[in-house]
Amino acid sequence: MSELRFVVQLHRARRLHYDFRLEVDGALVSWAVPKGPTLDPKVRRAAFKVGDHPMEYVAFEGVIPAGTYGGGDVIVWDAGDWVPYKDPDPAAALRAGELHIELHGEKLRGRFVVVRTRGDEWLLLKKRDEHAADGWDPAAYPQSVLSGRTSDEVRADPEWEWHSDLPAERAAVALKGDAEELAALDAIGDNGTWELFGRRLRVTNLGKVLFPGRGGEEAVTKREFLRYTAQIAPTVVPYLAGRALNLHRFPNGSDSKGFWHKALPSHAPEWLPRWREPESGTEYLVADEAAALVWAANHGGLEWHPWTSKVDRPGTPTYALVDLDPGPGTAWEDLLVLARLHRTAFEHLGVAAYAKVTGRRGIQIWVPVERGPGFAETRAWVEGLSRSIGAVVPELVSWAWEKAERGGRARLDFTQNAVNKTLVAPYSPRPAPGAPVSAPIAWDELDDPALRPDAFTIRSIGARLSTHGDLFAGVLHTKQSLPPLH
């Protein structure tokens, strides 16, 4: 019998597990193996039969969008060929509840058997042969055999996304808009259909100016804005995934009056991820995939504001937010003083926090937190921190709610820590000449005299990402509790 393909994918969804998959009759027969396969013949691994997967999934490595079945990151932990060595009919052997196999993988080699115990519960065992290894632990070999990357590395910079609602031949969607897709946008006239990220999008008014030029530069058209969105979406989507999205829309360009848009319009395509807020009934866009963000951009969404909680637990924040909001009389150097004081406070507290310039005049700081505390607790913590810092430089800070009562001074706005309060997403454009973006910064950049809050634009942020990487990524991966303030 000719060799068949097998794959073992290390999959972090609700729980970490290994998906053990064998090609049988043109599909991937699959088991979830919580502790992973082993070369130790003394170990019996529990394996739970799950649904067959299409053969196109055999080489998939990337992410499954949050909010869909199996949402999480996936790496190809092992792969190769296999042959049955007792029963020449694998399908019949599976129906009978015992399949003997010989694996020719990079990590798993030799003879194994999968045996049904009851229902969908099976055991995966290694036979004693020349490939057996007592004490062999799969966790000691965390790298993908496809890319050499770990699960953390793939999650931080995925190249592919799996959409089970698409036909199998198109379900693996490239997350980084390729040159062919970008060239296709340039080939469209003022209106047309753009195929990217596995979706077909109707795009309109591509020649419209959305952002006036700045400093002698040409104005930014809608075509250029959509190209930027497609290029930046793989980096931005992890900050939006699983969250309701408030859009600041400027359909006629940033020079016109914008408006906030929360509810998805009735004409929104069915494939768009969405969430209905229980109390208001408002149906929000949830940008779990890159094409959803491009759709929003095409409808004039120039600013992207995700909730600080996720739709599965909207009352529980994942970030504590510090908003350094300058007043009319606040000089940039004064705002830097406030930011540096926060930097010192976070260092003293041992708290991981991540700063970004807003693209306008301010600085925002996101503090990732382990889900548990409610908004009242994170708001009280940020208020305590901010009032301590404000006491050091009272001449720079006002606590008045009304702008007219602040005497032109800055406000340390802790009130953003509330349900459905948002701060602009990293890499989101701002409605101003030149299309500036809210750009993550390293803490030591607060000491760089060249730093400006609106220095980075949709035309320059790509080169910065290539040089420095995503300086905000720690927000996604850090889990911490807020320490008491003394």
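About the cut-offs
- Residues numbered from 1 in each chain as written.
- Predicted model: local features only at pLDDT ≥ 70, side-chain atom pairs only at ≥ 80, totals over all residues.
- Heavy atoms only, no water.
- Helix = DSSP H or I, 4+ residues; strand = E, 2+ residues; numbered from the N terminus.
- Rg over C-alpha atoms; globule rule 2.2 N^0.38 Å.
- Buried < 20%, exposed > 50% of the residue type's maximum accessible area, 1.4 Å probe, protein only.
- Contact = heavy atoms within 4.5 Å.
- Areas by Shrake-Rupley, 256 points an atom, 1.4 Å probe, with all protein chains shown as cover.
- Phe/Tyr/Trp six-rings, centres within 6.5 Å; stacked < 30°, edge-to-face > 60°.
- Lys NZ or Arg CZ within 6 Å of the ring centre and 35° of its normal.
- Salt bridge = Lys/Arg side-chain N within 4 Å of Asp/Glu carboxyl O.
- Pairing = 2+ DSSP bridges.
- Axes fitted to C-alpha atoms, helices over the stretch in contact; angles between N-to-C directions.

### Structural notes on the overall build of the protein chain
On a plain count of helices and strands, the protein chain comes out with nine helices and 27 strands. For 486 residues, the compact-globule estimate of 2.2 N^0.38 gives 23 Å, and the C-alpha radius of gyration of the protein chain, at 26 Å, lies within 12% of that figure. Judged by the C-alpha coordinates and their principal axes, the protein chain covers about 85 × 60 × 45 Å. In the protein chain, which comprises 486 residues, the proportion classed as buried is 53%. The long-range share in the protein chain, meaning contacts at least 24 apart out of those at least 6 apart in sequence, stands at 63%. Of the accessible surface of the protein chain, which amounts to about 21300 Å², a share of 50% is contributed by carbon and sulfur atoms.

### Considering the packing of aromatic side chains
Using the criterion set out here, one finds 18 aromatic pairs in the structure. Ring plane angle 75 degrees and centroid distance 6.2 Å describe the contact between Trp77 and Trp136, whose orientation is recorded as edge-to-face. Note that Trp77 is positioned in strand β6 (residues 72-84) and Trp136 in the loop between β9 (121-126) and α2 (151-156), a separation of 59 residues in sequence. Grouping residues by exposure puts Trp77 and Trp136 together as buried. In textbook terms, an aromatic cluster arises when at least three aromatic residues are bridged by ring pairs, as seen for Tyr239, Tyr319, Tyr354, Trp366 and Phe472. Note that Lys126 overlies the ring of Phe112, its terminal NZ or CZ placed 5.0 Å from the centroid. If you follow Arg411 out to its NZ or CZ, it ends over the ring of Phe414, 5.8 Å from the centre.

### Things to note about the environment of Leu293
Within the element layout of this structure, Leu293 appears in helix α5 (residues 290-298). Judged by its relative accessible area of 0%, Leu293 is buried. Separated by 59 residues in the primary sequence, Leu293 and Pro234 have C-alpha atoms spaced 9.8 Å apart. In contact with Leu293, not counting residues within four places along its chain, are Thr229, Ala233, Val236, Leu240 and Trp304.

### Focus on the pattern of salt bridges
Under the definition given, this model contains 28 salt bridges. The salt bridge involving Arg343 is made with Asp447; its shortest N-O contact spans 3.1 Å. With Arg343 in helix α6 (residues 332-349) and Asp447 in the loop between β27 (439-441) and α8 (461-468), this residue pair connects regions lying 104 residues apart in the sequence. With a relative accessible area of 15%, Arg343 lands in the buried category. By relative accessible area, Asp447 is classed as partly exposed at 45%.

### Here we look at the sheet that holds β27
Consider a sheet: its strands pair through backbone hydrogen bonds, and that pairing is either parallel or antiparallel. With antiparallel pairing, five strands are arranged side by side in an open sheet as β26-β23-β25-β24-β27. Across the chains shown, the open sheet's two edge strands, defined by having one partner strand only, are β26 (411-413) and β27. On average, adjacent strands in this sheet sit at an angle of 25 degrees to one another, irrespective of strand direction. Bridge count between strand β24 (residues 354-357) and β27: three bridges; the pairing is antiparallel. Residue Val357 lies in a different strand from β27, and its bridge partner there is Ala439. Here α6 sits on the sheet in contact with β23 (319-325), β24, β25 (363-368) and β26, set at roughly 15 degrees to β25.

### Looking at the pairing of strand β3 (residues 27-33)
Buried residues dominate β3, accounting for seven of its seven residues. Because side chains alternate across β3, one face comprises the buried residues Ala27, Val29, Trp31 and Val33, and the other comprises Leu28, Ser30 and Ala32, equally buried. Taken together, the seven bridges between strand β2 (residues 16-24) and β3 define a ladder with antiparallel strand orientation. Bridging across to β3, Leu22 finds its partner in Val29. Remark: two residues form the turn of the hairpin made by β2 and β3, two consecutive strands paired antiparallel; Asp25 in that turn has positive phi of roughly 55 degrees. In the sheet, β3 pairs with strand β4 (residues 44-54) via five bridges, with the strands oriented antiparallel. Each bridged residue has a counterpart across the sheet, and for Ala32 the counterpart in β4 is Phe48.

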